[in-house]
Amino acid sequence: MLSLSYREWDWIELPLDGKLRKPSPKNERHVYLTELELAELLEAVPERYRIERKVILLAMLTGMRRGELMARESGNIYNGRIVLRPNQTRNGKPRVIPLTEEALPLVESLPFDTTGDRVRGAFEKAREKIGRPDIRFHDLRHCYASLLASKGEALTSIRDLLGHSSLTVTSRYAHADPARWESVVAKLPRISNQTATTLIESNPWLRNHLISLVGPVGLEPTTKGL
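In this report, the structure presented in the accompanying data block is examined. All figures in this text were calculated on a predicted structure; none of them were measured in a lab. (Residues numbered from 1 in each chain as written. Predicted model: local features only at pLDDT ≥ 70, side-chain atom pairs only at ≥ 80, totals over all residues. Heavy atoms only, no water.)

## Focus: the pattern of salt bridges
Let me state the cut-off plainly: Here a salt bridge means any side-chain nitrogen of Lys or Arg lying within 4 Å of a carboxyl oxygen belonging to Asp or Glu.
Counted under the stated rule, the structure contains 8 salt bridges. Salt bridges sharing partners connect three or more residues here, namely Arg 65, Glu 68 and Arg 95.

Encoded structure:
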(Lines give C-alpha, C1' and ligand atoms only; values in the text may rest on other atoms or scores of the structure.)
Protein backbone atom coordinates (compact mmCIF):
# COMPACT_ATOMS: atom_id res chain seq x y z
CA MET A 1 0.00 0.00 0.00
CA LEU A 2 2.80 2.45 0.90
CA SER A 3 4.66 1.51 -2.25
CA LEU A 4 1.62 2.22 -4.43
CA SER A 5 0.97 5.49 -2.58
CA TYR A 6 4.41 6.71 -3.66
CA ARG A 7 4.93 5.13 -7.09
CA GLU A 8 1.42 5.16 -8.57
CA TRP A 9 -0.89 7.49 -6.71
CA ASP A 10 1.49 10.34 -5.65
CA TRP A 11 -0.12 10.53 -2.24
CA ILE A 12 3.24 10.83 -0.48
CA GLU A 13 6.49 12.49 -1.55
CA LEU A 14 8.97 9.90 -0.26
CA PRO A 15 8.90 6.07 -0.36
CA LEU A 16 8.26 4.65 3.10
CA ASP A 17 7.84 0.93 2.43
CA GLY A 18 11.59 0.28 2.73
CA LYS A 19 11.65 1.80 6.20
CA LEU A 20 9.09 -0.70 7.46
CA ARG A 21 10.74 -3.89 6.25
CA LYS A 22 11.52 -6.49 8.85
CA PRO A 23 15.24 -6.39 9.67
CA SER A 24 17.34 -9.48 9.16
CA PRO A 25 17.74 -11.45 12.40
CA LYS A 26 21.15 -11.10 14.04
CA ASN A 27 20.64 -13.57 16.87
CA GLU A 28 20.43 -16.88 15.02
CA ARG A 29 21.56 -19.86 17.06
CA HIS A 30 24.55 -21.75 15.75
CA VAL A 31 24.74 -24.83 17.96
CA TYR A 32 25.95 -27.89 16.11
CA LEU A 33 26.83 -31.25 17.62
CA THR A 34 29.16 -33.80 16.09
CA GLU A 35 28.04 -37.36 15.42
CA LEU A 36 29.80 -38.48 18.61
CA GLU A 37 28.14 -35.76 20.68
CA LEU A 38 24.73 -36.72 19.31
CA ALA A 39 25.39 -40.34 20.25
CA GLU A 40 26.39 -39.29 23.76
CA LEU A 41 23.23 -37.20 24.11
CA LEU A 42 21.06 -40.10 23.00
CA GLU A 43 22.84 -42.52 25.34
CA ALA A 44 22.18 -40.14 28.23
CA VAL A 45 18.39 -40.41 27.89
CA PRO A 46 17.17 -42.22 31.05
CA GLU A 47 16.03 -45.82 30.56
CA ARG A 48 12.46 -45.06 31.62
CA TYR A 49 12.04 -42.77 28.60
CA ARG A 50 12.15 -45.47 25.91
CA ILE A 51 9.49 -43.98 23.65
CA GLU A 52 10.82 -40.49 24.13
CA ARG A 53 14.28 -41.77 23.18
CA LYS A 54 12.80 -42.90 19.84
CA VAL A 55 11.41 -39.42 19.23
CA ILE A 56 14.76 -37.82 20.00
CA LEU A 57 16.63 -40.24 17.73
CA LEU A 58 14.15 -39.72 14.90
CA ALA A 59 14.62 -35.96 15.24
CA MET A 60 18.37 -36.48 14.82
CA LEU A 61 17.85 -38.64 11.72
CA THR A 62 15.21 -36.52 9.98
CA GLY A 63 15.63 -32.91 11.11
CA MET A 64 11.91 -32.75 11.89
CA ARG A 65 10.48 -30.47 14.55
CA ARG A 66 9.16 -31.97 17.76
CA GLY A 67 5.59 -31.00 16.91
CA GLU A 68 5.91 -32.59 13.48
CA LEU A 69 7.15 -35.84 14.98
CA MET A 70 4.42 -35.99 17.61
CA ALA A 71 1.71 -35.48 14.98
CA ARG A 72 2.88 -38.22 12.62
CA GLU A 73 0.74 -41.29 11.96
CA SER A 74 1.26 -44.50 10.03
CA GLY A 75 -0.43 -42.88 7.02
CA ASN A 76 2.54 -40.52 6.70
CA ILE A 77 4.92 -43.41 5.96
CA TYR A 78 5.25 -44.44 2.33
CA ASN A 79 7.94 -46.52 0.69
CA GLY A 80 10.56 -45.87 3.34
CA ARG A 81 9.86 -42.14 3.57
CA ILE A 82 7.95 -39.74 5.75
CA VAL A 83 5.53 -37.86 3.49
CA LEU A 84 3.98 -34.64 4.76
CA ARG A 85 0.97 -33.26 2.94
CA PRO A 86 0.58 -29.52 2.24
CA ASN A 87 -1.75 -29.08 5.21
CA GLN A 88 0.87 -30.64 7.49
CA THR A 89 3.75 -28.25 6.72
CA ARG A 90 4.43 -24.66 7.68
CA ASN A 91 4.99 -23.44 4.14
CA GLY A 92 1.96 -25.25 2.71
CA LYS A 93 4.07 -27.41 0.40
CA PRO A 94 4.41 -31.21 0.48
CA ARG A 95 7.60 -32.51 2.04
CA VAL A 96 9.36 -35.86 1.78
CA ILE A 97 12.00 -37.04 4.27
CA PRO A 98 13.84 -40.29 3.45
CA LEU A 99 14.41 -42.72 6.30
CA THR A 100 17.67 -44.53 6.99
CA GLU A 101 17.82 -48.16 8.10
CA GLU A 102 18.26 -46.89 11.65
CA ALA A 103 15.16 -44.72 11.37
CA LEU A 104 12.76 -47.23 9.79
CA PRO A 105 12.08 -49.23 12.99
CA LEU A 106 11.28 -46.02 14.84
CA VAL A 107 8.17 -45.32 12.72
CA GLU A 108 6.65 -48.81 12.90
CA SER A 109 4.31 -47.91 15.76
CA LEU A 110 3.16 -44.39 14.96
CA PRO A 111 1.77 -42.28 16.49
CA PHE A 112 4.16 -42.09 19.44
CA ASP A 113 2.45 -42.97 22.70
CA THR A 114 3.82 -40.04 24.65
CA THR A 115 3.44 -36.30 25.10
CA GLY A 116 5.48 -33.28 24.17
CA ASP A 117 6.14 -32.60 27.86
CA ARG A 118 7.60 -36.06 28.40
CA VAL A 119 9.83 -35.69 25.35
CA ARG A 120 11.01 -32.34 26.64
CA GLY A 121 11.68 -33.81 30.06
CA ALA A 122 13.69 -36.71 28.63
CA PHE A 123 15.72 -34.35 26.47
CA GLU A 124 16.47 -31.97 29.31
CA LYS A 125 17.67 -34.77 31.58
CA ALA A 126 19.94 -36.09 28.83
CA ARG A 127 21.51 -32.70 28.13
CA GLU A 128 22.13 -32.13 31.82
CA LYS A 129 23.82 -35.51 32.15
CA ILE A 130 26.35 -34.68 29.41
CA GLY A 131 26.90 -31.18 30.76
CA ARG A 132 25.28 -29.29 27.87
CA PRO A 133 22.35 -27.36 29.32
CA ASP A 134 22.60 -24.94 26.39
CA ILE A 135 21.29 -27.48 23.86
CA ARG A 136 17.67 -27.20 22.75
CA PHE A 137 15.56 -29.84 21.06
CA HIS A 138 15.31 -27.64 17.97
CA ASP A 139 19.11 -27.71 17.69
CA LEU A 140 18.81 -31.32 16.53
CA ARG A 141 17.27 -29.93 13.37
CA HIS A 142 20.30 -27.71 12.83
CA CYS A 143 22.63 -30.63 13.51
CA TYR A 144 20.85 -32.73 10.88
CA ALA A 145 21.29 -30.02 8.26
CA SER A 146 24.87 -29.30 9.24
CA LEU A 147 25.85 -32.98 9.03
CA LEU A 148 24.29 -33.26 5.58
CA ALA A 149 26.19 -30.17 4.43
CA SER A 150 29.44 -31.56 5.81
CA LYS A 151 28.91 -34.69 3.68
CA GLY A 152 28.57 -32.54 0.56
CA GLU A 153 24.78 -32.52 0.19
CA ALA A 154 23.51 -29.63 -1.92
CA LEU A 155 21.86 -26.73 -0.09
CA THR A 156 18.82 -27.04 -2.35
CA SER A 157 18.28 -30.61 -1.11
CA ILE A 158 18.72 -29.54 2.52
CA ARG A 159 16.21 -26.73 1.92
CA ASP A 160 13.61 -29.21 0.65
CA LEU A 161 14.25 -31.71 3.45
CA LEU A 162 13.80 -29.06 6.13
CA GLY A 163 10.87 -27.40 4.37
CA HIS A 164 12.46 -23.97 4.14
CA SER A 165 10.72 -21.49 1.86
CA SER A 166 13.99 -20.18 0.40
CA LEU A 167 17.74 -20.77 0.32
CA THR A 168 18.27 -17.66 2.41
CA VAL A 169 17.47 -19.59 5.57
CA THR A 170 19.30 -22.73 4.48
CA SER A 171 22.48 -20.84 3.59
CA ARG A 172 23.45 -20.78 7.27
CA TYR A 173 24.68 -24.35 6.82
CA ALA A 174 27.00 -23.57 3.89
CA HIS A 175 29.99 -23.28 6.23
CA ALA A 176 29.83 -27.00 6.99
CA ASP A 177 30.70 -28.15 3.45
CA PRO A 178 34.52 -28.22 3.11
CA ALA A 179 34.33 -29.50 -0.47
CA ARG A 180 32.53 -26.29 -1.41
CA TRP A 181 35.58 -24.21 -0.52
CA GLU A 182 38.03 -26.72 -1.96
CA SER A 183 36.30 -26.47 -5.33
CA VAL A 184 36.55 -22.68 -5.16
CA VAL A 185 40.30 -22.83 -4.49
CA ALA A 186 40.77 -25.26 -7.39
CA LYS A 187 39.18 -22.74 -9.76
CA LEU A 188 41.43 -19.83 -8.80
CA PRO A 189 44.30 -19.07 -11.20
CA ARG A 190 47.95 -18.85 -10.29
CA ILE A 191 49.05 -15.21 -10.42
CA SER A 192 52.69 -14.89 -9.32
CA ASN A 193 55.57 -15.51 -11.77
CA GLN A 194 53.20 -16.18 -14.65
CA THR A 195 54.99 -13.85 -17.11
CA ALA A 196 58.40 -15.53 -16.76
CA THR A 197 56.94 -19.02 -16.84
CA THR A 198 54.86 -18.34 -19.94
CA LEU A 199 57.82 -16.78 -21.74
CA ILE A 200 60.07 -19.78 -21.07
CA GLU A 201 57.47 -22.40 -21.92
CA SER A 202 56.47 -20.68 -25.18
CA ASN A 203 60.10 -20.26 -26.39
CA PRO A 204 61.86 -23.63 -26.89
CA TRP A 205 65.20 -21.97 -27.79
CA LEU A 206 65.18 -19.93 -24.56
CA ARG A 207 64.22 -22.96 -22.49
CA ASN A 208 66.99 -25.10 -24.04
CA HIS A 209 69.50 -22.30 -23.52
CA LEU A 210 68.58 -22.02 -19.84
CA ILE A 211 68.81 -25.77 -19.41
CA SER A 212 72.31 -25.72 -20.91
CA LEU A 213 73.29 -23.14 -18.32
CA VAL A 214 71.68 -24.45 -15.12
CA GLY A 215 70.49 -27.92 -16.02
CA PRO A 216 66.86 -29.16 -16.07
CA VAL A 217 66.66 -29.31 -12.27
CA GLY A 218 67.63 -25.67 -12.02
CA LEU A 219 64.46 -24.63 -13.82
CA GLU A 220 62.11 -26.25 -11.32
CA PRO A 221 61.81 -23.25 -8.97
CA THR A 222 61.05 -21.01 -11.93
CA THR A 223 58.34 -23.24 -13.40
CA LYS A 224 56.71 -24.31 -10.13
CA GLY A 225 56.95 -21.08 -8.16
CA LEU A 226 55.63 -20.70 -4.63
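## As for the sheet that holds strand β2 (residues 81-84)
Basically, it comes down to this: Paired strands are those between which DSSP finds at least two bridges. Each helix is a run of DSSP H or I of at least 4 residues and each strand a run of E of at least 2, with the numbering of both proceeding from the N terminus.
The strand order across the open sheet built from 3 strands is β1-β2-β3, with neighbouring strands paired in antiparallel fashion. Here the strands that pair on one side only, and so sit at the sheet edges, are β1 (77-78) and β3 (95-98). Sheet topology note: the β2/β3 ladder contains 4 bridges and is antiparallel. Counterpart to Leu 84 in the pairing with β3 is Arg 95.

## Some remarks on the environment of Ile 77
Put simply, the test is: Throughout, exposure labels follow a simple rule: accessible area from a 1.4 Å probe, protein chains only, divided by the maximum for the residue type, with under 20% read as buried, over 50% as exposed, and the rest as partly exposed.
Tracing the backbone through its elements, the reader meets Ile 77 in strand β1. Residue classification places Ile 77 among the partly exposed positions, given a relative accessible area of 26%. When the C-alpha atoms of Ile 77 and Pro 98 are compared, they prove to be 9.8 Å apart, with 21 residues separating the residues in sequence.

## So, the nonpolar core
Cut-off, in case you're wondering: Residue types Ala, Val, Leu, Ile, Met, Phe, Trp, Tyr and Cys, when buried and joined through side-chain atoms within 4.5 Å, form a set referred to as a nonpolar core. We call two residues in contact whenever any of their non-hydrogen atoms come within 4.5 Å of each other.
Formed by 41 residues in total, the largest nonpolar core has its most connected members in Ile 56, Leu 58, Met 60, Phe 137 and Leu 140. Contributing elements (two or more residues each) for this core: α2 (35-43), α3 (50-62), α4 (66-70), β2, α5 (116-129), α6 (139-150) and α7 (155-162). For this core, the element with the most residues is α3, which contributes 7 residues. Once you skip the residues sitting within four places of it in the chain, Ile 56 turns out to touch Leu 42, Val 45, Ala 122, Phe 123, Phe 137 and Leu 140.

## Considerations on the pairing of β2
Across the two faces of β2 the burial differs, with Ile 82 and Leu 84 buried and Arg 81 and Val 83 not buried at all. Relative to β2, β1 runs antiparallel, the two being bridged by 2 bridges. Counterpart to Tyr 78 in the pairing with β2 is Arg 81.

## A few points about α3
Rules: In this scheme, a helix's expected span is set at 1.5 Å multiplied by one less than its residue total.
Taking 1.5 Å per residue as the helical rise, α3 with its 13 residues ought to reach 18 Å, and the 19 Å between its terminal C-alpha atoms agrees with that figure. Residues of α3 that are buried: Glu 52, Val 55, Ile 56, Leu 57, Leu 58, Ala 59, Met 60, Leu 61 and Thr 62. Just downstream of α3 lies Gly 63, where phi reads positive at about 70 degrees.

## A closer look at α6
With 12 residues, α6 should reach 16 Å at 1.5 Å per residue; the first-to-last C-alpha distance of 16 Å fits that figure. For α6, the buried fraction is high: 9 of the 12 residues fall into the buried class. Among all positions of α6, only Asp 139, Leu 140, Arg 141, His 142, Cys 143, Tyr 144, Ala 145, Ser 146 and Ala 149 are buried. Considering only its buried residues, α6 is in contact with α2, α3, α4, β3, α5 and α7.

## Brief notes about the environment of Arg 95
The condition is simple: Two N or O atoms count as a polar contact when they lie within 3.5 Å, although within protein this holds only if one can serve as hydrogen donor and the other as acceptor, and sequence-adjacent residues are included solely when both atoms are side-chain atoms.
Relative to the elements of secondary structure, Arg 95 occurs in strand β3. Separated by 10 residues in sequence, Arg 95 and Arg 85 place their C-alpha atoms 6.7 Å apart. From its side chain, Arg 95 meets the backbone oxygen of Leu 161 in a polar contact 2.8 Å long.

## What about the side chain of Thr 170?
Of note, Thr 170 is situated in helix α8 (residues 167-170). By relative accessible area, Thr 170 is classed as buried at 0%. There is a polar contact of 2.8 Å between the side chain of Thr 170 and the side chain of His 164. At 3.5 Å, the side chain of Thr 170 forms a polar contact with the backbone oxygen of Ser 166.

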